[in-house]
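# Structural features, examined
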Amino acid sequence: MTRRLTVAQALVTFLAHQYTERDGRRQRLIDACWGIFGHGNVAGIGQALLESEGALPYLQGRNEQAMVHAAVGYARQRDRLAAHAVTTSIGPGATNLVTGAALATVNRLPVLLLPGDTFATRPADPVLQQLEPLGAGDVSVNDCLRPVSRYFDRITRPEALIPAALTAMRVLADPAETGAVTLALPQDVQAEAYDWPEEFFADRVWHVRRPAPDPAATADAVAAVRAARRPLIVAGGGVHHSEAEDALRVLVEATGIPVASTQAGKGALRHDHPADVGGIGHTGTAVADELARTADVVLGVGTRYSDFTTASATLFAPGVRFVNLNITSFDAHKLAALPLVADARTGLQALTEGLAGHRVPASYESEYAAGKAAWEAEVERAYAVGDPGARPSQAQVLGALDAVVGDEDVIINAAGSLPGDLHKLWRARSRRQYHLEYGYSCMGYEIPAAIGVRLAAPDRPVWALVGDGTYLMMPTELVTAVQEGVAIKVVLIQNHGYASIGGLSEAVGGERFGTAYRYRAPDGTYSGDPLPVDLAANAASLGMDVLRARTAGELRTALAEARGADRPTCVYVETETADSVSGAPPAQAWWDVPVAETATRPAAVHARRDYERHVAARRRYLGT
């Protein structure tokens, strides 16, 4: 038996019948489709979504990149078991997807991209927005999505949709392969009818596996940990994706091994758990980084070991042994580790069983407990407000928010100086409270991601923390939040420039060149008065309720009011300027940003000497 539908109608119908199942829990794989329509998809996917009568819910966005960010936020909050699709027209609508696709793939998060494409039948050549690359008639702008997609296909014939759609679902649902998946859809093919087998539209369940580690590999890992005097666990995002937090807690309570976390892994243990020593790496805590420098075995769980985590290969000691538990072989083998290729929860349970009766020396537990207490005192110092009538520092903004939120709140950030302050200072209270996108560190992620998270968890207060630089990149989805009644809370921090890059520029001899939002001075530099922009008024013009906090004292009141609001609400606060310190402790480990080898300006000459000193400590970890 067959059903005659267009390609677009068949795809929408197919997507409405896809499910994932893990641990006996079944849910829709593709919960909704974001879309902005143009000539490349309005009569295809657009018409199909309309005709489906809500079988695949539609969400309207304002920017194609932002729609992907919203979808990524949704997928992360749903532990990668549910995702959104994103449809665009051809041309700029499609190329706007590239940044979001890269972010999804870097972070191993599923999103289905459905860009329109130029005609497969080529009735006119060129059509509107066609690229026309010389010597390649089968290439369109959608090919920009190939390197940032985990799977890419162009559907040039109706019947080709069947294998492509099945492969797309397999990749999206596979925790070892997931990321952005792109099905490019020529606009003529979208509207073409075909007789589809009814089996294509049957409910299909994609079972998300929890593979167990190889017994021999487990034995090797257990032996390495048992032989260690100073083991350290590095918890990455895979702990959260696997819902392995309880398994991690059981392991560390049995063994006493301390846990440091990456940006993606923060919250794997509650901040007040005795074994939690906070963030690791360039933006980490002093206690975690000191433990990393002296560790003899590092057990990485669900981490891909970015340069921030390893302090650009200068943090861990020579001769350290890595044991990597990861569902992807690619990540498990990094740093010449003993690989333990498995689901994080299953692997942690196997390690707990193998380490029965083993515990680290009591002196080691006492050491990291003292370091944890000392760092907590640093957090209190950074959060403390001296004059409630003064402008707050950025750290004091976080302290005020810390005093207002509960365990159920979600904090979202991605770029600028906030990620470093948050990684060092934030007290994560629950498994999905801390939502930092730091794989791609994409400015503009926070507001659309907050919408996605709130859609995934409508009962949780969701906060998007944005600086003025990030806000100016992508404020447009505030309109979406207002339209859909998605009651996100935006904390908009005005510091008149790129604070993070300004600090980095100063550190590498760049003298904060081009990082301040100021008028040009007579010497041609951007060192005049701050620009008279009113971002609070801008947010209000887009439909947000706006609360202005002029002082540290007013800030906490405004945050509490925003938390209780049932409409999209923005708290606007002006902190020190971008060339002032944030109030957080300085970096506890290095990050490799090359400095000019030859220069005449004293700042760069001095920075190069400092750079060469750090580079000398960089090493290869070869597992011998």
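Preceding block: the structure.
Here's what I pulled together on the structure shown here. (Residues numbered from 1 in each chain as written. Predicted model: local features only at pLDDT ≥ 70, side-chain atom pairs only at ≥ 80, totals over all residues. Heavy atoms only, no water.)

The peptide bond linking Asp125 to Pro126 adopts the cis configuration, its omega dihedral lying at 10 degrees. Among the secondary structure elements, Pro126 is positioned in the loop between strand 7 (111-117) and strand 8 (151-154). Phi angles above zero are rare outside glycine, and Arg108 is one such case at about 60 degrees. Along the chain, Arg108 turns up in the loop between helix 5 (97-106) and strand 7. (Helix = DSSP H or I, 4+ residues; strand = E, 2+ residues; numbered from the N terminus.)

Compared with the 18 Å implied by 1.5 Å per residue over 13 residues, the 18 Å span of helix 8 (residues 215-227) between its first and last C-alpha is a close match. The set of residues buried in helix 8 consists of Ala217, Thr218, Ala221, Val222, Ala224 and Val225. For helix 8, the angular spread of the buried residues around the axis is 160 degrees, confining them to a single face. More than 90 degrees from the buried face of helix 8, the exposed residues found are Pro215 and Ala227. Summarising the contacts, the buried residues of helix 8 are in contact with strand 15 (297-301), strand 16 (321-326), strand 17 (338-341) and helix 14 (344-354). Taking the backbone nitrogen of Ala216 as reference, a side-chain oxygen 3.0 Å away marks Asp214 as the first, capping residue of helix 8. (Expected span 1.5 Å × (residues − 1). Buried < 20%, exposed > 50% of the residue type's maximum accessible area, 1.4 Å probe, protein only. Arc of directions from axis to C-beta. Contact = heavy atoms within 4.5 Å. Polar contact = N/O pair within 3.5 Å; in protein donor to acceptor, adjacent residues only side chain to side chain.)

Right, let's talk about the pairing of strand 20 (residues 462-467) for a bit. Among the 6 residues that make up strand 20, 6 are buried, leaving the element largely enclosed by the rest of the structure. Of the strand pairs in this sheet, strand 18 (residues 410-413) and strand 20 are connected by 3 bridges, and their pairing is parallel. If you follow Val410 over to strand 20, its bridge partner there is Val462. One ladder, built from 5 bridges, connects strand 20 with strand 21 (residues 489-494); its direction is parallel. Within strand 21, the position partnered with Val466 by the bridge is Leu492. (Pairing = 2+ DSSP bridges.)

Across the sheet, which stays open at both edges, the 3 strands sit in the order 3-2-11 with mixed pairing between neighbours. Each edge of the sheet is formed by a strand with only one pairing partner; in this case those strands are strand 3 (25-28) and strand 11 (204-207). The mean angle between the axes of side-by-side strands here comes to 30 degrees, regardless of whether they run parallel or antiparallel. Of the strands in this sheet, strand 2 (18-22) and strand 11 touch helix 6 (residues 161-173), which is tilted by about 35 degrees from strand 11. (Axes fitted to C-alpha atoms, helices over the stretch in contact; angles between N-to-C directions.)

Quick look at the state of the cysteines now. Under the criterion given, the structure shown has 0 disulfides. Cys442 takes part in no disulfide bond, and the closest cysteine sulfur to it belongs to Cys144, at a distance of 16 Å. Here Cys570 stays free of any disulfide, with the sulfur of Cys442 as its closest cysteine sulfur at 20 Å. Cys570 gets classed as buried once you look at its relative accessible area, which sits at 1%. (Disulfide = S-S within 2.5 Å.)

Per the stated rule, a full pass over the model turns up 43 salt bridges. Put simply, Arg209 and Asp174 hold a salt bridge, and the shortest N to O gap is 2.8 Å. Here the residue Arg209 occupies a position in the loop between strand 11 and helix 8, and Asp174 occupies one in the loop between helix 6 and strand 9 (180-186), the gap between them amounting to 35 residues. Overall, the relative accessible area of 11% leaves Asp174 in the buried class. Salt-bridge contacts for Arg427 lead to Glu380; the nearest nitrogen and oxygen are separated by 2.5 Å. (Salt bridge = Lys/Arg side-chain N within 4 Å of Asp/Glu carboxyl O.)

This part is about the packing of aromatic side chains. Under the defined criterion, the tally for this structure stands at 14 aromatic pairs. Seen in terms of ring centroids, Phe316 and Phe322 are 5.3 Å apart; in terms of plane orientation they differ by 85 degrees. Their pairing is edge-to-face. Just as Phe316 is buried, Phe322 falls in that class too. Among the aromatic residues, those joined into a ring-pair cluster are Phe14, Tyr194, Trp196, Phe200 and Phe201. Lying over the aromatic face of Tyr434, Lys266 brings its terminal NZ or CZ to 5.5 Å of the ring centre. (Phe/Tyr/Trp six-rings, centres within 6.5 Å; stacked < 30°, edge-to-face > 60°. Lys NZ or Arg CZ within 6 Å of the ring centre and 35° of its normal.)

Let's shift gears to the sheet that holds strand 21. Across the sheet, which stays open at both edges, the 6 strands sit in the order 19-18-20-21-23-22 with parallel pairing between neighbours. Because the sheet does not close on itself, it has two edges, and the strands there are strand 19 (434-436) and strand 22 (545-549). Mean inter-strand twist for the sheet, computed between neighbouring axes without regard to direction, equals 20 degrees. Pairing of strand 22 with strand 23 (residues 569-574), which is carried by 5 bridges, proceeds in the parallel orientation. Counted as the bridge partner of Asp545 is Thr569 from strand 23.

This part covers the side chain of Asp409. Inspection of the secondary structure assignment puts Asp409 in the loop between helix 16 (394-404) and strand 18. Polar contacts involving the side chain of Asp409 include one to the main-chain amide nitrogen of Gly406, which spans 2.9 Å. Beyond its immediate stretch of four places on either side in the chain, Asp409 contacts Gln433, Arg460, Pro461, Trp463 and Arg563.

Along strand 23, 5 of the 6 residues are buried, which leaves the element largely enclosed by surrounding structure. In the classification by handedness, the crossover that spans strand 22, the intervening helix 23 (residues 552-563) and the parallel strand 23 is right-handed. (Right-handed = clockwise from strand over helix to strand, strands pointing away.)

Now for the environment of Ala216. Tracing the sequence through the fold places Ala216 in helix 8. Separated by 203 residues in sequence, Ala216 and Pro419 have C-alpha atoms that sit 39 Å apart.

Turning next to the side chain of Asn324. Looking at where Asn324 falls in the secondary structure, it is placed in strand 16. Judged by relative accessible area, Asn324 falls into the buried class, the value being 1%. Polar contacts involving the side chain of Asn324 include one to the main-chain carbonyl oxygen of Ala332, which spans 3.3 Å. In contact with Asn324, other than residues within four places in its own chain, are Gly300, Tyr305, Asp331, Ala332, Lys334, Ala337, Leu338, Pro339 and Leu340.

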